Amino acid sequence: MARVGPRSVEAFARISKTLAQGVGSSPRAHDSPFVLSHGKGSRVQDLDGREYIDYLLGFGPLILGHAPDVLVSAIVEQADKGLLFAAGCELEYLAAEEVVRLVPCAEKVRFFCSGSEAVHDALRVARATTGRDRIIRFEGHFHGTVADIYVSSYPGRPYGPDAAPSPKRDVIGQPPSVLEDIIVLPFNDLGVVEATLRERASEVAAVILEPYPWNNGSMPPREGYLSGLRDLTRKHGVLLIFDEVVTGFRLALGGAQEFFGVVPDLAVLAKALGCGLPVSAIAGTQAAMQVVDDGTLPLLGTYNTNPLVLAGVVAALRELARDDGAAIKHMHAIGDQLRVGLDEAFREMDAPFVTGGCGPMFTVFGSTEPPTCYRERLRTDLAAVRRFRDSMRDRGVWFQIDGKLFTSAAHTETDVEQTLAAAREVLSLQGDFAVVQ
Ligand SMILES: Cc1ncc(COP(=O)(O)O)c(C=O)c1O
């Protein structure tokens, strides 16, 4: 476990007395006890005054860094004008127009508060549109925690054959009935999708995927895979849903669909959409959103289009789009620089690691080649990655315990230099990262 100072320990003990598990979201428990006081730009400080270069970025949203001035002033200005209206407000068209302008599939948009909630409503849209119930999803892709899709996101070990994984509930407390409507397939194998749709298309409402998987490590889709899925789903009248909660406004301004040039029927957006504010959206073609647009399918939410959040969305998206997407270009360039530097250090120092991914979203894997699907990932050395990661945090560099790093528009060349110096220092601790067979 990475080291923490006495004030963090003391504060965490007090938090744990009243906040269940001592954390606001369960995965944060991996870093407990670790209590932060504030963040600005690419850096955060803990209660003991230690500074960290932050590549965790709130699990992804903070692509403009911590407390970006444009967002803070937009929120402060709106706070004085009202927090919630339960009626139309001008920020609704301003925010929706920005999404429609940037995201290729977006002709109509609906806003929600979290990615999980938006995924759930996107599935409902697909079912209402097609009159079918089943959803095809891929093993090791994560689509949030709502029951109807929280299956086989990280099953921990292989269940069932490689070509036909058995659906596995992700947490206790999920009724077995959630398994009935989910078909789990391996990622990056178009033949399996083709065969499944040939047999079962009349039952299938949607194929949902992370178009550039992130949650179990960055694994690019094979050449032609996404366009193949597009052709197959179109042919069988099945909706194609890109879960762009991570890739949206990050891989490109228009997300993975712009990056790969493949346009889905529906996209789920969150994280970078609000650059740290609690907001998500489904965006889709007019045809895919018709059931919502004409009122056939009601979608409800007390806090939807909350003006405080929408003020932030408008400011965030305009900032990201400014100067021909300069912020996004920067975080790609700085991410590539860091990733290439880490790979150089791993090679030169004969460390059992390699990176996979691209630009602002990449992963340090405990293997010699980056994996291409979840089952390959399971065979990598996660324990060694975790030891590397904890030693990096001790040296002021913070990223996810499974080796995932995000970069932001606020990261600098100095951050990269300091990170690479820390990595070389950690790697020089001979033997610490021996691959566990
Ligand atoms: C691809 C993907 N979909 C959905 C979600 C769920 O989003 P939220 O945590 O906002 O509910 C996440 C969260 O990390 C995600 O990475």
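Note: the structure precedes this text.
Remember, predicted model here, so these are calculated numbers, not experimental data.

Cut-offs applied
- Residues numbered from 1 in each chain as written.
- Predicted model: local features only at pLDDT ≥ 70, side-chain atom pairs only at ≥ 80, totals over all residues.
- Heavy atoms only, no water.
- Helix = DSSP H or I, 4+ residues; strand = E, 2+ residues; numbered from the N terminus.
- Buried < 20%, exposed > 50% of the residue type's maximum accessible area, 1.4 Å probe, protein only.
- Polar contact = N/O pair within 3.5 Å; in protein donor to acceptor, adjacent residues only side chain to side chain.
- Contact = heavy atoms within 4.5 Å.
- Disulfide = S-S within 2.5 Å.
- Pairing = 2+ DSSP bridges.
- Axes fitted to C-alpha atoms, helices over the stretch in contact; angles between N-to-C directions.
- Near = heavy atom within 4 Å.
- Phe/Tyr/Trp six-rings, centres within 6.5 Å; stacked < 30°, edge-to-face > 60°.
- Patch = residues over 30% accessible without salt bridge, like charges linked within 9 Å, V, L, I, M, F, W, Y side chains within 5 Å.
- Areas by Shrake-Rupley, 256 points an atom, 1.4 Å probe, with all protein chains shown as cover.
- Salt bridge = Lys/Arg side-chain N within 4 Å of Asp/Glu carboxyl O.
- Core = buried A, V, L, I, M, F, W, Y, C linked by side-chain atoms within 4.5 Å.

Visitor: Kindly report on the side chain of arginine 393, identifying the contributing residues and their values.
Guide: Position of arginine 393 among the secondary structure elements: in helix α11 (residues 382–394). Looking at arginine 393, the relative accessible area reads 2%, which means it is buried. Within the structure, arginine 393 has its side chain in polar contact with the side chain of aspartate 31 (distance 2.5 Å). Once residues lying within four places of it in the same chain are set aside, the contact partners of arginine 393 are Ala2, Arg3, Val4, Asp31, Phe34, Tyr52 and Trp398.

Visitor: Tell me about the state of the cysteines, and please be specific about residues and values.
Guide: Counted according to the given criterion, the structure contains zero disulfides. Free cysteine: cysteine 89, not disulfide-bonded; nearest cysteine sulfur from cysteine 113 at 14 Å. Lacking any disulfide linkage, cysteine 105 is separated from the closest cysteine sulfur, that of cysteine 275, by 19 Å.

Visitor: Can you lay out the sheet that holds strand β1 (residues 36–40) for me, pointing to particular residues and giving the numbers?
Guide: Two orientations exist for strands paired in a sheet by backbone hydrogen bonds: parallel and antiparallel. Reading across from one edge, β1-β2-β3-β13 is the order of the four strands in this open sheet, with mixed pairing throughout. Of all strands in the sheet, those with a lone pairing partner are β1 and β13 (397–398), marking the two edges. Where strand β3 (residues 51–54) and β13 come together, two bridges link them in parallel fashion. For aspartate 54, the partnering residue across the bridge sits in β13 and is tryptophan 398.

Visitor: Run through the pairing of β3, naming residues and quoting values.
Guide: Two elements, strand β2 (residues 43–46) and β3, share three bridges in a ladder whose sense is antiparallel. Paired with arginine 43 across the two strands is isoleucine 53, which belongs to β3.

Visitor: Please set out unusual backbone geometry residue by residue, giving values where relevant.
Guide: Look at the link from serine 32 to proline 33: it is a cis peptide, with omega at -10°. With respect to the helices and strands, proline 33 occurs in the loop between α1 (6–18) and β1. The phi angle at alanine 86 is positive, at roughly 55°, despite the residue not being glycine. Examined against the element boundaries, alanine 86 turns out to sit in the loop between α2 (69–79) and α3 (90–102). Residues other than glycine seldom take positive phi values, yet cysteine 275 does so here, at roughly 45°. Within the secondary structure, cysteine 275 is located in the loop between β9 (266–269) and β10 (280–284).

Visitor: Tell me about the sheet that holds strand β7 (residues 204–209), residues and numbers included.
Guide: The mixed open sheet is built from seven strands, whose spatial order is β4-β10-β9-β8-β7-β5-β6. Lying at the two open borders of the sheet, with one neighbouring strand each, are β4 (108–112) and β6 (182–185). Strand-to-strand twist of the sheet, defined as the mean angle between neighbouring strand axes without regard to direction, takes the value 20°. Summarising the sheet, strand β5 (residues 134–138) and β6 pair through four bridges and their orientation is parallel. What sits directly across from isoleucine 136, in β6, is isoleucine 183.

Visitor: Describe the site of the ligand, naming the residues involved and giving the relevant values.
Guide: In the vicinity of the ligand, the contacting residues are Ser114, Gly115, Ser116, Phe142, His143, Gly144, Glu210, Asn215, Asp243, Val245, Val246 and Lys271. In this structure, glycine 115 approaches the ligand through a main-chain N or O atom, which is 2.8 Å from an oxygen atom. Lysine 271 has a polar side-chain atom sitting 2.9 Å from an oxygen atom of the ligand.

Visitor: Talk me through the packing of aromatic side chains; I want residue IDs and the actual numbers.
Guide: Each aromatic ring pair is summarised here by two numbers: the centre-to-centre distance and the angle between the ring planes. Counted by the stated rule, this structure contains 15 aromatic pairs. Ring centres 5.0 Å apart and planes at 90° place the aromatic pair phenylalanine 259 and phenylalanine 260 in the edge-to-face group. Taking relative accessible area as the criterion, phenylalanine 259 reaches 40% and is therefore assigned partly exposed. Residue phenylalanine 260 is classed as partly exposed on the basis of its relative accessible area, which comes to 29%.

Visitor: Describe a nonpolar patch on the surface, and please don't skip the residues or the numbers.
Guide: Residues Leu83, Leu84 and Tyr303 make up a contiguous nonpolar surface patch of roughly 310 Å² in combined accessible area. Mapping leucine 84 onto the fold places it in the loop between α2 and α3.

Visitor: An account of the nonpolar core is requested, with residue identities and associated values reported.
Guide: Core analysis: the biggest nonpolar cluster contains 39 residues, and Val99, Phe111, Phe249, Leu273 and Leu320 have the highest contact counts within it. For this core, the secondary structure elements donating two or more residues are α2, α3, β4, β9, β10 and α9 (307–348). The element best represented in this core is α9, accounting for 13 residues. Counting 29 residues, the second largest nonpolar core, distinct from the first, contains Ile149, Ala205, Ala288 and Val291.

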